[in-house]
Amino acid sequence: MVVERVDHLPLRTDEDLVRARQAVREAAVALGFSLVDQTKIVTAASELARNTIRHGGGGDMQVERLRDGRRSGVRLTFVDQGAGIPDIEQALRDGYTTGGGLGLGLGGARRLMSDLSISSRPAEGTTIVAVRWRQ
Amino acid sequence: MERIPILRMGPFLLVTIQVDMHDRLALTLQDDLMTQIRDTSARGVLIDISALDMVDSFIGRMIGNIAAMARVLDAETVVTGMQPAVAITLVELGLSLPGVRTALDVERGMALLTQGRDPQGQRGRRAR
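Visitor: Sorry if this is basic, but what is going on with the overall build of chain B here?
Guide: For chain B, the helix and strand inventory stands at four helices and five strands. Along chain B, from the amino end to the carboxyl end, the secondary structure elements read β-β-α-β-α-β-α-β-α. Split into buried and exposed, the 128 residues of chain B put 38% on the buried side. Taking the intrachain contacts of chain B between residues at least 6 apart in sequence as the baseline, contacts between residues at least 24 apart amount to 74%.

Laid out in C-alpha cells, this is it:
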C-alpha cells in the first residue's frame, strides 16, 4: 500500500472543523469517489472531528490518500490527548451520549466508513482511524 | 458576528443556508429564528438547504430543534432542497428528521406553507 499524500490539520475551533471537512472533501474528490461517497466520508469526518474538539479537548486530524494496487482510498486519523473513552462498545451504540447530543456520531461514522478502529486510554487520549476504499 | 440572514415574506420567514455552517452559526440561526417568529408572529418558516453539501448529526439536530421550537411558537417549518447525496447519508447516519416537513424545492415548500395548517398525521410527509 502506498500513501500518496498526507495532510495534517489542527482540530481546536469551529473554524477548524469547517476546514477539516473541506480538506477531506478535497481528498475524496481527488481520489475519484462518487458524490454520495464523498458526502458520506465528509459527514463521518465531521462527526469524528467534532468529537475530538468537544470530548477530546482538541487535537488533530491526518488525511491520507492511499493506493493499494488498483484500489484507492482515504484514511482519516483523529488524535486527542483528552480524557479517553472508558467504554468503547457503549460509545459506539446509537443514542449513547455524554455531551447532550444525539449519540449518533461514532456509530454513524462507523456505518459511513469501510472500517473504523478506536484506541483509547483513560487520561491519555483517544486515537480513531477511519478508512474508506473506493469500490 | 457572522449571521445567516432571515427574510420576511408576508406571514413567513425564509432562510437560505449558503455557507459551510460551523456550529456556532447554526446555534445563532436557531436563536435568531425564534426571536423573529415571536417579533413578526410568523406562521411558517422555510429553510432552504439546497446549497449544503453535507448535513451531519449536529446540523440535523439543529434543523429538528428549529421545527420543534417553531411548532411550540405556533409556526410550521418546511425544509427544502436537500441534495440526494445528503439525504442518503443522513439516513445512513441514523437521522431521518422525524417531525420535519420537507419539499423538493422552494416553490413546493412555499405551497406547503401557504396551504395552511398542517393536518394531523401529515407531519413529515413530502410535498408532491
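Visitor: What should I look at first to understand helix 2 (residues 57-72) of chain B in this one?
Guide: An α-helical segment advances 3.6 residues per turn. Residues three or four places apart therefore align on the same side. Helix length check: helix 2 of chain B (16 residues) gives 22 Å between terminal C-alpha atoms against 22 Å at 1.5 Å per residue, within 8%. Within helix 2 of chain B the residues assigned to the buried category are Ser57(B), Phe58(B), Ile59(B), Gly60(B), Ile63(B), Ile66(B), Ala67(B) and Ala70(B). Elements that come into contact with the buried residues of helix 2 of chain B comprise helix 2 (35-54) and helix 4 (105-112) of chain A together with helix 1 (23-40), strand 3 (44-48), strand 4 (76-80) and helix 3 (84-93) of chain B.

Visitor: How do you make sense of the packing of helix 4 of chain A against helix 3 of chain B when you look at a structure like this?
Guide: Between two packed helices, what matters for the description is the angle formed by their axes and the separation of those axes. Close contact between helix 4 of chain A and helix 3 of chain B brings their axes to 8 Å; oriented N to C, the two are set at 125°. Between helix 4 of chain A and helix 3 of chain B, the crossing angle belongs to the class labelled oblique. Mapping the contact onto sequence places Gly108(A), Arg111(A) and Leu112(A) in helix 4 of chain A and Thr89(B), Glu92(B) and Leu93(B) in helix 3 of chain B. Residues belonging to the contact of helix 4 of chain A with helix 3 of chain B are distributed by class as follows: two nonpolar, two polar and two charged.

Visitor: I would appreciate a short explanation of the environment of Arg111(A) in the present structure.
Guide: Tracing the backbone through its elements, the reader meets Arg111(A) in helix 4. Note on Arg111(A): 16 C-beta atoms within 10 Å, which makes it partly exposed. Note: C-alpha distance between Arg111(A) and Val2(A) (109 residues apart in sequence) is 25 Å. Non-local contacts of Arg111(A), meaning those with residues more than four positions away in its chain, are made with Glu92(B) and Leu93(B).

Visitor: Would you mind showing me how to read unusual backbone geometry here?
Guide: Leaving glycine aside, a negative phi is the common case for residues, and trans is the common case for peptide bonds. All names here are of chain B. Notably, Ser 41 is not glycine yet its phi reads approximately 50°, a positive angle. Accessibility expressed as a C-beta count within 10 Å gives 11 for Ser 41, which makes it exposed. Positioned with a positive phi, Asp 74 is a non-glycine residue whose angle comes to about 65°. On the basis of neighbour count, Asp 74 is assigned to the exposed category, with 11 C-beta atoms found within 10 Å.

Visitor: Help me understand the pairing of strand 4 of chain B, please; the structure alone is not making it clear to me.
Guide: On a regular strand, one side chain projects to one face of the sheet and the next to the other, so that they alternate. All names here are of chain B. Across the five residues of strand 4, five count as buried, placing the element largely inside the fold. Residue alternation in strand 4 divides its side chains into two sets, Glu 76, Val 78 and Thr 80 and Thr 77 and Val 79, and both sets are buried. Bridging between strand 3 and strand 4 involves five bridges; their strand directions are parallel. Opposite Ile 47, over in strand 4, you have Val 79 as the bridge partner. What joins strand 3 to strand 4 is helix 2, and the crossover it makes is right-handed. Bridge count for strand 4 against strand 5 (residues 101-103) is three bridges, and the pairing is parallel. Looking across to strand 5, one finds that Val 79 is bridged to Thr 102. For the crossover from strand 4 across helix 3 to strand 5, the handedness is right-handed.

Visitor: How should I be thinking about the sheet that holds strand 1 (residues 6-9) of chain B in this particular structure?
Guide: Backbone hydrogen bonds hold the strands of a sheet together, and the pairing may be parallel or antiparallel. All names here are of chain B. Reading across from one edge, 1-2-3-4-5 is the order of the five strands in this open sheet, with mixed pairing throughout. Looking at strand neighbours, the two that pair on one side only are strand 1 and strand 5, the edges of this open sheet. Sheet twist, expressed as the mean angle between neighbouring strand axes with direction ignored, is 25°.

Visitor: Could you clarify how one ought to interpret the nonpolar core in this entry?
Guide: Buried together is how nonpolar side chains tend to be arranged in soluble globular proteins. Membership of the largest hydrophobic core comes to 65 residues, with the highest contact counts inside it found for Val24(A), Ala45(A), Leu48(A), Ala49(A), Leu76(A) and Val45(B). For this core, the element with the most residues is helix 2 of chain A, which contributes seven residues.

Visitor: Explain helix 1 (residues 14-30) of chain A here, please?
Guide: Residues and elements named next belong to chain A. The first and last C-alpha atoms of helix 1 sit 25 Å apart over 17 residues, in line with the 24 Å expected at 1.5 Å per residue. Taken together, the buried residues of helix 1 touch strand 1 (2-11), helix 2, strand 2 (59-68) and strand 3 (71-80). One or two steps after helix 1, the chain reaches Gly 32, where phi turns positive at roughly 85°.

Visitor: How do you make sense of the environment of Val36(A) when you look at a structure like this?
Guide: Along the chain, the position of Val36(A) falls in helix 2. Assessed through the 16 C-beta atoms surrounding it within 10 Å, Val36(A) is described here as partly exposed. In the structure, Val36(A) is positioned 54 residues away from Gln90(A) in sequence and 29 Å away in space, judged by C-alpha atoms. Ignoring sequence-local partners within four residues, the contact set of Val36(A) consists of Ala85(B) and Ile88(B).

Rules behind the numbers
- Residues numbered from 1 in each chain as written.
- Chains lettered and ligands numbered in written order.
- Predicted model: local features only at pLDDT ≥ 70, side-chain atom pairs only at ≥ 80, totals over all residues.
- Helix = DSSP H or I, 4+ residues; strand = E, 2+ residues; numbered from the N terminus.
- Buried ≥ 20, exposed ≤ 12 C-beta atoms within 10 Å, placed from the backbone.
- Contact = placed C-beta atoms within 7 Å.
- Expected span 1.5 Å × (residues − 1).
- Axes fitted to C-alpha atoms, helices over the stretch in contact; angles between N-to-C directions.
- Parallel < 35°, antiparallel > 145°, perpendicular 65-115°, else oblique.
- Nonpolar A, V, L, I, M, F, W, Y, C, P; charged D, E, K, R; others polar.
- Pairing = 2+ DSSP bridges.
- Right-handed = clockwise from strand over helix to strand, strands pointing away.
- Core = buried A, V, L, I, M, F, W, Y, C linked by C-beta atoms within 7 Å.

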